[in-house]
Amino acid sequence: MPSNDRYAYAVGRIRAMETRLLDHGKIERMVEAKNADEALKVLSESEYAEYLANLDSVHHFEQVLDHELRRVYLELRKISPEPELIGLFAKKFDYHNLKVLIKANKLGEKRDELLVTEVGNIALEELVRAVSDDDYSNLPPRMRQAAETISEQFRMEADPQLVDLLLDRAMYEECQELADELKSPFLKDYLTNQIDLLNIKTYLRVRRLGRPKDFLERALLPAADVDMTKLVQLAEPLEVLVDRLMYSRYASVVEEGIQTYQKTDTLTRFEKLADDHLINMIKKAKYVTFGPEPIVGYLLAKENEIKMIRIVMVGKINQLPTEEIKERLRDVYV
């Protein structure tokens with residue numbers, strides 16, 4: 001990691017960019033809008049305005065979010081003294097694209113998921129070539145190894161879950177390695193929290209599906225602070241999990257998230273609480289004068305903002321009650 005004074009220019013730019021993030025008031029106005037068109041009018045008062053001018057239908061709002069995501073990643077790659085910092089968070093787009101392409105190729109299905117372009121580290125054309133030729137030699141080592149294993153396994157049995165399991169594991173291992181190389185305690189702590197919360201959610205899903213312990217072990221991401229296989233058994237009541245994490249930093253997420261899950265049989269509340277936990281973590285970046293933290297904080301805040309706009313717009317298009325949309329919203333960074 002370069003000396004923190006090299007971040008002076010970047011942090012100055014970030015502070016200006018932070019002022020344009022949507023605050024709680026604008027999100028609230030979007031939620032309270034009477035329909036999707038009115039919600040977009042609120043968004044036109046922000047830096048999304050230039051994309052909205054060319055929008056032909058409210059149902060194509062995702063185009064606006066894609067444009068903004070590309071703009072932010074391009075801008076941050078330009079100003080960051082350490083481009084790998086942005087590359088770490090762009091990995092999820094590379095892996096998402098590879099998952100979609102492999103499933104389409106191996107299962108012979110038409111995949112409707114959006115392929116994210118111009119945001120990841122690997123050109124979409126290269127991923128398309130790798131999958132169509134079944135030649136992954138030009139991909140990063142962990143990604144290559146996972147893709148080759150999937151290809152071998154699919155010759156015996158087509159298992160869509162295997163694609164997600166192996167590629168998710170490879171991605172988080174890559175991210176952890178890069179965080180170590182960047183020598184950033186902030187990044188490492190963020191990844192640890194993210195992995196722990198994903199593993200708790202995975203445990204809940206595997207338990208609901210009635211899958212065996214060996215399936216859980218395959219599904220869990222590389223252990224961070226909480227080792228789910230040692231913490232609790234699949235057959236134990238969920239109250240045991242709540243009790244054993246009572247004094248951890250995840251206590252409030254787990255207690256309220258599991259209580260709601262037991263009542264509703266959905267993980268929507270848990271996912272919202274987990275996202276809020278991570279947002280509260282990165283808010284600390286606002287108080288760092290120089291260093292990578294403000295850049296990471298802004299990037300994650302922007303991704304969170306885009307997620308919230310999507311929640312509001314999907315809710316409005318589907319005419320969900322205002323209160324139901326509010327329940328799904330995440331906390332804001334500003």
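Quick caveat: nothing in here was measured; it's all calculated off a predicted structure.

Some details on the packing of aromatic side chains
Taken as a whole and judged by the stated rule, the model has two aromatic pairs. Ring geometry for Tyr73 and Phe93: centres 5.5 Å apart, planes at 85°, overall edge-to-face. Highlighted residues: Tyr73 in helix H5 (residues 61-79) and Phe93 in helix H6 (residues 83-107), separated in sequence by 20 residues. Taking relative accessible area as the criterion, Tyr73 reaches 0% and is therefore assigned buried. Judged by its relative accessible area of 10%, Phe93 falls in the buried class. If you follow Arg211 out to its NZ or CZ, it ends over the ring of Phe215, 4.0 Å from the centre.

Examining the pattern of salt bridges
Within this structure, the stated rule accounts for 38 salt bridges. Among the ionic pairs, Glu173 bridges to Arg142, the shortest N-O distance being 2.7 Å. Highlighted residues: Glu173 in helix H9 (residues 160-182) and Arg142 in helix H8 (residues 141-156), separated in sequence by 31 residues. Residue class for Arg142 comes out partly exposed when judged on its relative accessible area of 29%. One salt bridge connects Arg249 with Asp225, and the closest N-O pair in it is separated by 2.7 Å. Of this pair, Arg249 sits in the loop between helix H13 (238-244) and helix H14 (251-264) while Asp225 sits in the loop between helix H11 (213-219) and helix H12 (228-231); the two residues are 24 residues apart in sequence, bridging distant segments of the chain. Its relative accessible area of 35% is what places Arg249 among the partly exposed residues.

Here we look at helix H10 (residues 185-209)
Between its terminal C-alpha atoms H10 stretches 36 Å, which fits the 36 Å expected from 25 residues at 1.5 Å a residue. Within two residues after H10, Gly210 carries a phi angle of roughly 70°, on the positive side.

Quick word on the packing of H14 against helix H15 (residues 268-282)
For any two helices packed against each other, the geometry is given by the interaxial angle and the distance between the axes. Running from N to C, H14 and H15 point in directions that differ by 165°, and their axes come no closer than 8 Å. By the angle between their axes, H14 is roughly antiparallel relative to H15. Handedness of the H14/H15 crossing: right-handed. Contacts between H14 and H15 involve Ser252, Val253, Val254, Glu256, Gly257 and Thr260 from the former and Arg269, Phe270, Leu273, Ala274 and His277 from the latter.

What counts, and where the lines are drawn
Residues numbered from 1 in each chain as written. Predicted model: local features only at pLDDT ≥ 70, side-chain atom pairs only at ≥ 80, totals over all residues. Heavy atoms only, no water. Phe/Tyr/Trp six-rings, centres within 6.5 Å; stacked < 30°, edge-to-face > 60°. Helix = DSSP H or I, 4+ residues; strand = E, 2+ residues; numbered from the N terminus. Buried < 20%, exposed > 50% of the residue type's maximum accessible area, 1.4 Å probe, protein only. Lys NZ or Arg CZ within 6 Å of the ring centre and 35° of its normal. Salt bridge = Lys/Arg side-chain N within 4 Å of Asp/Glu carboxyl O. Expected span 1.5 Å × (residues − 1). Axes fitted to C-alpha atoms, helices over the stretch in contact; angles between N-to-C directions. Parallel < 35°, antiparallel > 145°, perpendicular 65-115°, else oblique. Left-handed = near helix turned anticlockwise from the far one by under 90°. Contact = heavy atoms within 4.5 Å.

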